[in-house]
Amino acid sequence: MTSLGVVFRPQLPPERLREYARLAEEVGLEELWLWEDCFLEGGVSTAAAALAWTERLRVGIGLLPVPLRNVAVTAMETAALHRMFPGRASVVVGHGVQDWMGQVGARAASPLTLLGEHLDALRALLRGEKLTVQGRYVTLDGVALDWPPPRPAPVLSGATGPRTLRLSGAKADGTLLTCDTSPDGVREARRLIEEGQAEAGREGPHKVVVYLLAATGAGAAERVRAELTAAQPGAGVAGDAAAVADAVRRLADAGADTVVLQPTADEPDPEGFVRFAGEEVMPLVRR
């Protein structure tokens, strides 16, 4: 069954996260997703707080930009989340926005190479392995976690283009797709991910998480259109609970394991959007 979640957008101040996370749990949503957009809010700090403030809600970080992070630090923080909150954290790594990476002097000449090296090392460290690596970007000398997760900790990759989608299939445990993705885009992403899995000789499930830009109420269609100027045809949804639930089901039918409702940046009532998602949309999705 496809999971349903909601995004806490970092355009909101971090002090609003506590009420937002607790409300998401109260109305029965299964997942809350956070962003590490430059230069708004840190992904790991907000995820740890949201996990601590709730009891059962799963919390995803989508995503941590690998140019900003040494892989050993990513592994330490990921392992800590999994040990403190078993089964409730999802960590996604990805290229990051290249202009932002340039602003902090971290832009990589080959983002694909960097992401591949980071994924290989991160997954190995989380398995408890001791690594010595001399890559183009990742260098480790006898590094191992003292407190690796007691159980497997899946690592997802954010991906949009064909090469990154294939890389995600080859090296990650799941893939996060942006709100620009239509149902046909999910099917194409699944195809490319499976190509990457086959090329790497990997088998087994590969989780696909998709953001769905959604709005309801007055001006909903205009707000969605303004934010999806470069999206695939069929991405995003504006309307009542039935319309949003139908869009969720279309993404699920196309291959999404988790659909995360993303409010627009100018959503006038963020907490009201959470209630709408949990109390009105989710019962229709589950029907």
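Below is a short write-up of the structure. (Residues numbered from 1 in each chain as written. Predicted model: local features only at pLDDT ≥ 70, side-chain atom pairs only at ≥ 80, totals over all residues. Heavy atoms only, no water.)

### A word on the environment of Gln134
Part 1: Among the secondary structure elements, Gln134 is positioned in strand 5 (residues 131–134).
Part 2: Residues Gln134 and Gly255, spaced 121 residues apart in sequence, show a C-alpha to C-alpha distance of 37 Å.
Part 3: In terms of polar contacts, Gln134 uses its side chain to reach the side chain of Thr139, at 3.4 Å. (Helix = DSSP H or I, 4+ residues; strand = E, 2+ residues; numbered from the N terminus. Polar contact = N/O pair within 3.5 Å; in protein donor to acceptor, adjacent residues only side chain to side chain.)

### Section: the pairing of strand 5
Part 1: In terms of strand pairing, strand 5 meets strand 6 (residues 139–143) through three bridges, oriented antiparallel. Paired with Val133 across the two strands is Leu140, which belongs to strand 6.
Part 2: Counting the residues that bridge the hairpin from strand 5 to strand 6 gives four residues. (Pairing = 2+ DSSP bridges.)

### Considering the pattern of salt bridges
Part 1: What the rule picks out here adds up to 22 salt bridges.
Part 2: Asp99 serves as the salt-bridge partner of Arg107, at 3.6 Å between the closest nitrogen and oxygen.
Part 3: Overall, Asp99 belongs to the exposed group, its relative accessible area being 56%.
Part 4: Shared partners join several salt bridges into a network, and the residues in it are Arg166, Glu188, Arg191 and Glu195. (Salt bridge = Lys/Arg side-chain N within 4 Å of Asp/Glu carboxyl O. Buried < 20%, exposed > 50% of the residue type's maximum accessible area, 1.4 Å probe, protein only.)

### Comments concerning the nonpolar core
Part 1: Ranked by internal contacts, the top residues of the largest apolar core, which has 78 residues, are Leu29, Leu32, Leu261 and Val281.
Part 2: Core analysis: the next-biggest nonpolar cluster, separate from the first, contains 17 residues, Leu63, Leu213, Ala215 and Leu228 among them. (Core = buried A, V, L, I, M, F, W, Y, C linked by side-chain atoms within 4.5 Å.)

### Here we look at the side chain of Glu267
Part 1: With respect to the helices, strands and loops of the structure, Glu267 is situated in the loop between strand 11 (258–263) and helix 10 (270–286).
Part 2: Take Glu267: its relative accessible area is 13%, and that puts it in the buried class.
Part 3: There is a polar contact of 3.4 Å between the side chain of Glu267 and the side chain of Arg223.
Part 4: If near-sequence neighbours (up to four positions away) are discounted, Glu267 is found in contact with Arg223 and Phe273. (Contact = heavy atoms within 4.5 Å.)

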